[in-house]
Amino acid sequence: MPKSRLGAIFVAAFLSAIPASAQITPPNAPDTSTKALPILKTTCQPCHNEALKSSGLSVATPEALLAGGNRGTAIKPGSPADSLLIRAIEQSGDLKMPPGRKLTDEEIAAIRNWVAAGASWPKDTTASAKRKGADWWAFQPVRRVDPPTVKQGTWASNPVDRFILARLEKENLKPSPEASKETLLRRVSLDLTGLLPTPKEVQEFVSDTRPDAYERIVDKLLASANYGERWGRHWLDVARYADSDGYTIDAPRQMWKYRDWVINAFNRDMPFDQFTIEQLAGDMMPNPTLDQLVATGFHRNTPSNFEGGIDFEQYRVEAVVDRVSTTGSAFLGLTVGCARCHDHKFDPISQKEFYQLFAYFNNVDEVASEAERFDFNRPILEAPTPEEIARKKAFDSQWSALSKELITYVRELAARPRNAGAPDPSKDPELIERVQNLRELRRREPKYTTTLIMRELPQPRESYIHLGGEFTRKGITVKPGVPAVLPPLPPEANTRLDFAKWLVDTRNPLTARVTVNRMWQEYFGRGLVESEGDFGAQGSLPTHPELLDYLASEFMAKKWSQKAIHRLIVTSATYRQSSKQRPEVEQADPYNKLLARQNRLRLEAEIIRDAALSASGLLTNQVGGPSVYPPIPDGAMAVTQVATAWPVATGPDRYRRGIYTFFRRSAAFPGLMVFDAPDANSTCTRRVRSNTPLQALATLNDEAFTELAEGLAARVISEAPEDTAARVRYAYTLALGRAPRPDEEQRITRFLARQTEEYKTNPARAIELIYKGGKFSPEGVPANPPPAKLAAMLPKDLPLEAAWTGVARVLMNLDDFLTRD
């Protein structure tokens, strides 16, 4: 071989072993970069740069080009045919770049020749490594801010007020006076427990002159078991809790153990960092307890599809995507799900980073193939109640005794002498009866309550980028990791437990801010950041950024105690203001973002029911237990593809709080949905508040509300003195927590008189109202008797009871009843 040919081969081999960024174009070779790089800069770099890496790719530096993006390495120096970049610009495959047009033949040739010549790069090339959006306020560390100095210092009850007042003074506004004691007690009772104060509690608080009377009430409410039910309901919205699988079949699932875990965690004031870690990775903690396993139901609340003919892997992937998106909304306040198909358009979250988060949740054991089809909802944990354990123990004892008796009898049969032609012992009547008794007992064997939990696979699944968000289009493989814009995790910290701890690391600038903002939202109807689920660039700026950071830092300083933040907020003068509108405030701040007054808020769906239950005196105030079935309109369960039963409760379960109502995703309880309860198909960080005619029709005519109105009427008649004025005042105190104004008392008294006269002259209407149109008839009353005879046969106080039921229905439909002032 000629020496020149041998030398050329040696040089080529030598160059191919050197990184492209270090290759030097031979002195006599043409510099192909002068034509190719300007094309890349003008055509590709607007989307593929160091700040905005679309599809994970930057073409701004030689190192970035070699590293590639979500689809792998972009170029192979010296081999255009093997370079993804060349195939993309030639548009010879499924990837066609640039979008919407094609480069000219000359431009394509320039880039091809550049790659063929080794993809040389000028030595002085530099690129900014600063990430777009990294300087956004939400990604900066939480700062401990001292409360500002204010002029009207006597108004401020605690540090919260000084932040609010400083902003009001800047706008030349004054705060509102404190609400009346009656209003304040009803407000804080509904906000902390979701139940109305009793007339006795109202009277005692109004007459209590101690300077710390209100703080005593707050402490009592925070210590109540009803607090966990109230604030647990807020978290269940975030957790997309439901009692069914979702999709078309929407079969029932047992998840109420998780719901009870949430309620108990709030009542124990479990630190929020522990609350977070146990829900995301309780199964990965050392020697996890039963409660820690139950807590992982947070991410088993995802809808599950078990229909025939589906691709189980597709729906498993959808569940993992839901977990990533929910985690982003619940803890980070970011729309992480927007990066599933492409890099986030506004926030510094790349598609690669989405799938790095995906990798944390990709190893959960669940149905992923047709072969596992009937292993529904695995893994399942047995979580028996004490009553179930007792019943199972009694069953086992009975089973053991009968089994031993059967064995003894069989031995007796076998020992009996048998003559020729004697009947077959196996057909012995007593033996057959004993066997049948055992079989019947087995059919009645008590079942333990189960719940869905998380569990890691022994062998991790491979995680990769889904090109275009499609799980069948595999991009490069990825390892677990967190967005680069946030504090890093060590490379070896690659488990769900590591990720959960990172979420509540005090260096994380988002979790504490997002959490205290949601708390503030529930008390004022709007968060300090109005877009509570989006702290990114498309979200709202905080109205009081220093207050937000103060609350977040206080939250962490108080060891993540939620009750401490609740107490701080509800004891503030800001919270205790009157909600009455003032012309000067409406003009300067029409949306009350500066909080010169409180906001009137329509109660949530469950709390409307709870308020009616507590006013009626029918409430079954029991914490926890299986979901229940209160009355629903006829045909409400017939709207789904797969019909299901709704066994209406007739005992104490009929009057349980709204949080315990069985929630079926495809046909949820109508009394909840009409008042804007979320559908539980995805996380909900803030409920909408609509105002529709259907809501008035529901509270006026729905069987459940009519029944509660009857309870309120019966309570007024039995508990108040036999004086109309006293009864009217008592009814108002039960329903609204205050006495009626003079004009209200006059109108309701006239209405009561008209109703009483109507039911006396038309007793059939009283029967229709009180006895549900014949469903429940008073004993001894024949069908359709003459009116005079019917009136004589009915209880003498039936017209009065019916009239007061009418009054109760009016009170339960007042804006003052449905609204927290």
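Residues numbered from 1 in each chain as written. Predicted model: local features only at pLDDT ≥ 70, side-chain atom pairs only at ≥ 80, totals over all residues. Heavy atoms only, no water.

## Some thoughts on the overall build of the chain
Each helix and strand counted, the chain has 32 helices and six strands in total. Along the first, second and third principal axes, the C-alpha set of the chain runs to 125 × 110 × 50 Å. A buried classification covers 52% of the 821 residues belonging to the chain. Of all intrachain contacts in the chain linking residues separated by at least 6 positions in sequence, the fraction that spans at least 24 positions is 70%. The chain carries 106 positive and 102 negative side-chain charges, and their two centres are separated by 2 Å. (Helix = DSSP H or I, 4+ residues; strand = E, 2+ residues; numbered from the N terminus. Buried < 20%, exposed > 50% of the residue type's maximum accessible area, 1.4 Å probe, protein only. Contact = heavy atoms within 4.5 Å. Lys, Arg positive; Asp, Glu negative; His and termini not counted. Charge placed at Lys NZ, Arg CZ, Asp CG, Glu CD.)

## Notes on the packing of aromatic side chains
Enumeration according to the criterion identifies 31 aromatic pairs in this entry. Aromatic pair Phe272 and Trp560: ring centres 6.3 Å apart, planes at 25°, arrangement stacked. Within this pair, whereas Phe272 is found in helix H12 (residues 272–281), its partner Trp560 is found in the loop between helix H20 (545–557) and helix H21 (562–570), the two being separated by 288 residues in sequence. Trp560 shares its class with Phe272; the two are buried. An aromatic cluster is built from Tyr227, Trp235, Tyr258, Trp261, Phe266, Phe272, Phe275, Phe298, Phe331, Phe555 and Trp560, whose rings are joined through pairwise contacts. (Phe/Tyr/Trp six-rings, centres within 6.5 Å; stacked < 30°, edge-to-face > 60°.)

## Brief notes about unusual backbone geometry
A cis amide bond links Met97 with the next residue in sequence, Pro98, at an omega value of -5°. Looking at the secondary structure, you find Pro98 in the loop between helix H4 (84–90) and helix H5 (105–116). The backbone phi angle of Ser55 is positive, close to 55°, even though this residue is not glycine. Within the secondary structure, Ser55 is located in the loop between helix H2 (33–44) and helix H3 (62–67). The exposure class assigned to Ser55 is partly exposed, which follows from its relative accessible area of 27%. Backbone geometry places Asp676, a non-glycine residue, at a positive phi of 75°. Relative to the elements of secondary structure, Asp676 occurs in the loop between helix H24 (670–673) and helix H25 (693–701). By relative accessible area, which is 15% here, Asp676 ends up buried.

## Side note on the confidence of the model for the chain
When the pLDDT values of the chain are averaged, the result is 88; 90% of them are 70 or greater. The low-confidence segment residues 1–29, where pLDDT is below 50, has 14 contacts with residues more than four positions distant or belonging to other chains. This model gives residues 773–777 a pLDDT under 50, and the stretch forms five contacts once residues within four places in sequence are excluded. (pLDDT = per-residue confidence, 0-100.)

## Quick word on the layout of surface pockets
Each pocket or cavity is described by its volume, and for the largest pocket that value is around 740 Å³. For the largest pocket, the lining is made up of 32 residues, of which His48, Ser54, Ser55, Leu95 and Met97 are closest to its centre. Counting residues per element, the ones that place at least two in the lining of the largest pocket are H2 and H4. Per element, the largest residue contribution to the lining of the largest pocket is four residues, and it comes from H4. Across the lining of the largest pocket, the residue classes tally to 17 nonpolar, eleven polar and four charged. For the second largest pocket, the lining is made up of 23 residues, of which Arg600, Leu601, Arg602, Arg689 and Ser690 are closest to its centre. Broken down by secondary-structure element, the contributors of at least two residues to the lining of the second largest pocket are strand S5 (601–602), H25 and helix H32 (815–818). (1 Å grid on protein atoms, 1.4 Å probe; cavity = no way out; pocket = protein on both sides within 12 Å on 5 of 7 lines; lining within 4 Å. Points joined across faces, edges and corners; volume = space filled by probe spheres on them. Nonpolar A, V, L, I, M, F, W, Y, C, P; charged D, E, K, R; others polar.)

## Digging into the nonpolar core
In terms of nonpolar packing, the biggest core is built from 112 residues, with Val188, Trp235, Tyr258, Trp261, Phe499, Trp520 and Leu551 touching the most fellow members. In terms of nonpolar packing, the next biggest core, distinct from the first, is built from 58 residues, Ala605, Ile632, Ile770 and Trp804 among them. (Core = buried A, V, L, I, M, F, W, Y, C linked by side-chain atoms within 4.5 Å.)

## Re the side chain of Asp245
Along the polypeptide, Asp245 turns up in the loop between helix H10 (225–238) and helix H11 (256–267). Within the structure, the side chain of Asp245 is placed 2.9 Å from the side chain of Arg253, a separation counted as a polar contact. (Polar contact = N/O pair within 3.5 Å; in protein donor to acceptor, adjacent residues only side chain to side chain.)

## Digging into empty space enclosed by the protein
Taken as a whole, this structure holds nine cavities of 30 Å³ or more when the rule is applied. Its volume calculated, the largest cavity comes out at about 330 Å³. In terms of lining residues, the largest cavity is bounded by 24 residues, among which His234, Arg518, Gln521, Glu522 and Thr685 are the most central. Counting residues per element, the ones that place at least two in the lining of the largest cavity are H10, helix H19 (511–524) and helix H23 (605–616). It is H10 that contributes the most residues to the lining of the largest cavity, seven residues altogether. Looking at the lining of the largest cavity, its residues break down into eight nonpolar, six polar and ten charged. When contributions to the lining of the second largest cavity are tallied by element, the ones reaching two or more residues are H23, H24 and helix H26 (703–719).

## Let's talk about the packing of helix H29 (residues 763–770) against helix H31 (residues 798–812)
With their axes 9 Å apart at the nearest point, H29 and H31 run at an angle of 60° to one another. By the angle between their directions, the pair H29 and H31 is classed as oblique. The crossing of H29 and H31 is left-handed. Contacts between H29 and H31 involve Ala766, Ile767, Leu769 and Ile770 from the first element and Leu798, Glu801, Ala802, Thr805 and Arg809 from the second. Within the contact of H29 with H31, the residues separate by chemical class into six nonpolar, one polar and two charged. (Axes fitted to C-alpha atoms, helices over the stretch in contact; angles between N-to-C directions. Parallel < 35°, antiparallel > 145°, perpendicular 65-115°, else oblique. Left-handed = near helix turned anticlockwise from the far one by under 90°.)

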